[in-house]
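Each chain, letter by letter, is given below.
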Amino acid sequence: MKNRELLIEILLKLRSIGFKNYSILEAIERIPPHYYINLFENQTEEKKFYIREVIEISKLLEIVLNHNRKLNNILLYGFKDGWLIALLTKFCKRIYGVCQNEQHKKILEEIEIFKNNKNIYLNIGTSIFSWKKVAPFDFILSLDSSKLCSDQVTNCLSLKGLAIIPKQKTGKVIEMVGITKNDTSLKSDLKYEILNKSNLI
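**Brief notes about the sheet that holds strand β3 (residues 120-124)**
Then, in step 1: If you trace the seven strands from one edge of the open sheet to the other, you get β3-β2-β1-β4-β5-β6-β7, paired in mixed fashion. Each edge of the open sheet carries a strand with a single partner, namely β3 and β7 (185-187). Taken over all neighbouring pairs, the strand axes of this sheet differ in orientation by 20° on average, direction set aside.
Then, in step 2: Lying on the sheet, helix α4 (residues 51-67) is in contact with β1 (71-77), β4 (137-142), β5 (157-168) and β6 (174-180); it crosses β5 at an angle near 150°.

Structure (structure tokens):
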């Protein structure tokens, strides 16, 4: 399947499930996932993705923008190839990301989109609190399923901020929940398993 045909399939699939956020659809059209993946140089293996990953990331963006359309500082922890970061450059002023290690950081910094956007800041750390010095954040995303203290998360949020983090539900089931500045928990239908395994995040 050619790149343009794949993009059309992605956009049609999103619309078929009732996704109508034009600004997000436009961002995807400008930075299609397959185009973004091709920016990685010296790939040892072909990077693949599934449309369901694009759907979950689109739903995540919609939740964030519906909560607060004015995004200044956002923080991401637990991401991989960073397509979500590339999309977020269209919606916010500053993006702070916590990389797994020096190699991860170096690979991302060599990608054209990261080079051309001066509002992306990366460091290396083991928790979302690696960028605590530049808090508060309007949006925090963590895919770290280890227990996070909600007080610590809310302390890093702006007044209209939203954090989306994993929460152990029952047994081995993990769900993604939203937390606001006043510690209100918001349910979401985001699928943790898909987001956590996706290289696009």
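Let's pick the thread back up.
**What to know about helix α2 (residues 22-30)**
Then, in step 1: All of the buried residues along α2 are Ile24, Leu25, Ala27 and Ile28. Taken end-on, α2 shows its buried residues confined to a sector of 160°, consistent with a single buried face. Along α2, exposed side chains directed more than 90 degrees from the buried face belong to Tyr22 and Arg30.

**Brief notes about the packing of aromatic side chains**
Then, in step 1: Under the defined criterion, the tally for this structure stands at four aromatic pairs.
Then, in step 2: With 6.0 Å between their ring centres and 70° between their planes, Tyr96 and Phe137 make a pair best called edge-to-face. One end of the pair, Tyr96, is in strand β2 (residues 92-99); the other, Phe137, is in strand β4, and 41 residues separate them in sequence.
Then, in step 3: In textbook terms, an aromatic cluster arises when at least three aromatic residues are bridged by ring pairs, as seen for Tyr96, Tyr121, Trp131 and Phe137.
Then, in step 4: The positively charged end of Arg52 is found above the aromatic ring belonging to Tyr50, 4.9 Å away from the centroid.

**Some thoughts on the pairing of β1**
Then, in step 1: Summarising burial for β1: six of the seven residues are buried, a large majority.
Then, in step 2: As paired strands, β1 and β2 are joined by six bridges and run parallel to one another. In the strand pairing of β2, Leu71 is matched with Cys92.
Then, in step 3: As for the winding sense of the linkage, the β-α-β connection from β1 through helix α5 (residues 83-88) to β2 is right-handed.
Then, in step 4: The pairing of β1 with β4 spans four bridges and is classified as parallel. The residue of β4 that forms the bridge with Leu76 is Leu141.

**Re the packing of α2 against α4**
Then, in step 1: Contact geometry of α2 with α4 gives a least axis separation of 10 Å together with a crossing angle of 135°. The orientation of α2 with respect to α4, classified from their angle, is oblique. In this structure, the crossing between α2 and α4 has a hand that is right-handed. Facing Ser23, Ile24 and Ile28 of α2, the residues of α4 in contact are Val54, Ser58, Leu61, Glu62 and Leu65.
Then, in step 2: Here the contact of α2 with α4 is built from residues that sort into five nonpolar, two polar and one charged.

**Remarks on the pattern of salt bridges**
Then, in step 1: Within this structure, the stated rule accounts for seven salt bridges.
Then, in step 2: The residue Lys59 makes a salt bridge to Glu56 at a minimum N-O spacing of 3.0 Å. Linking Lys59 with Glu56, this pair stays in helix α4, spanning three residues, or about one helical turn. There is no split in this pair, since Lys59 and Glu56 are both buried.
Then, in step 3: Notably, a salt bridge pairs Lys115 with Glu110, separated by 3.7 Å at the nearest N-O pair.
Then, in step 4: Take Glu110: its relative accessible area is 47%, and that puts it in the partly exposed class.
Then, in step 5: Residues joined by salt bridges that share partners form a network here, namely Glu56, Lys59, Asp189 and Lys191.

The rules behind the values
- Residues numbered from 1 in each chain as written.
- Predicted model: local features only at pLDDT ≥ 70, side-chain atom pairs only at ≥ 80, totals over all residues.
- Heavy atoms only, no water.
- Pairing = 2+ DSSP bridges.
- Helix = DSSP H or I, 4+ residues; strand = E, 2+ residues; numbered from the N terminus.
- Axes fitted to C-alpha atoms, helices over the stretch in contact; angles between N-to-C directions.
- Contact = heavy atoms within 4.5 Å.
- Buried < 20%, exposed > 50% of the residue type's maximum accessible area, 1.4 Å probe, protein only.
- Arc of directions from axis to C-beta.
- Phe/Tyr/Trp six-rings, centres within 6.5 Å; stacked < 30°, edge-to-face > 60°.
- Lys NZ or Arg CZ within 6 Å of the ring centre and 35° of its normal.
- Right-handed = clockwise from strand over helix to strand, strands pointing away.
- Parallel < 35°, antiparallel > 145°, perpendicular 65-115°, else oblique.
- Left-handed = near helix turned anticlockwise from the far one by under 90°.
- Nonpolar A, V, L, I, M, F, W, Y, C, P; charged D, E, K, R; others polar.
- Salt bridge = Lys/Arg side-chain N within 4 Å of Asp/Glu carboxyl O.

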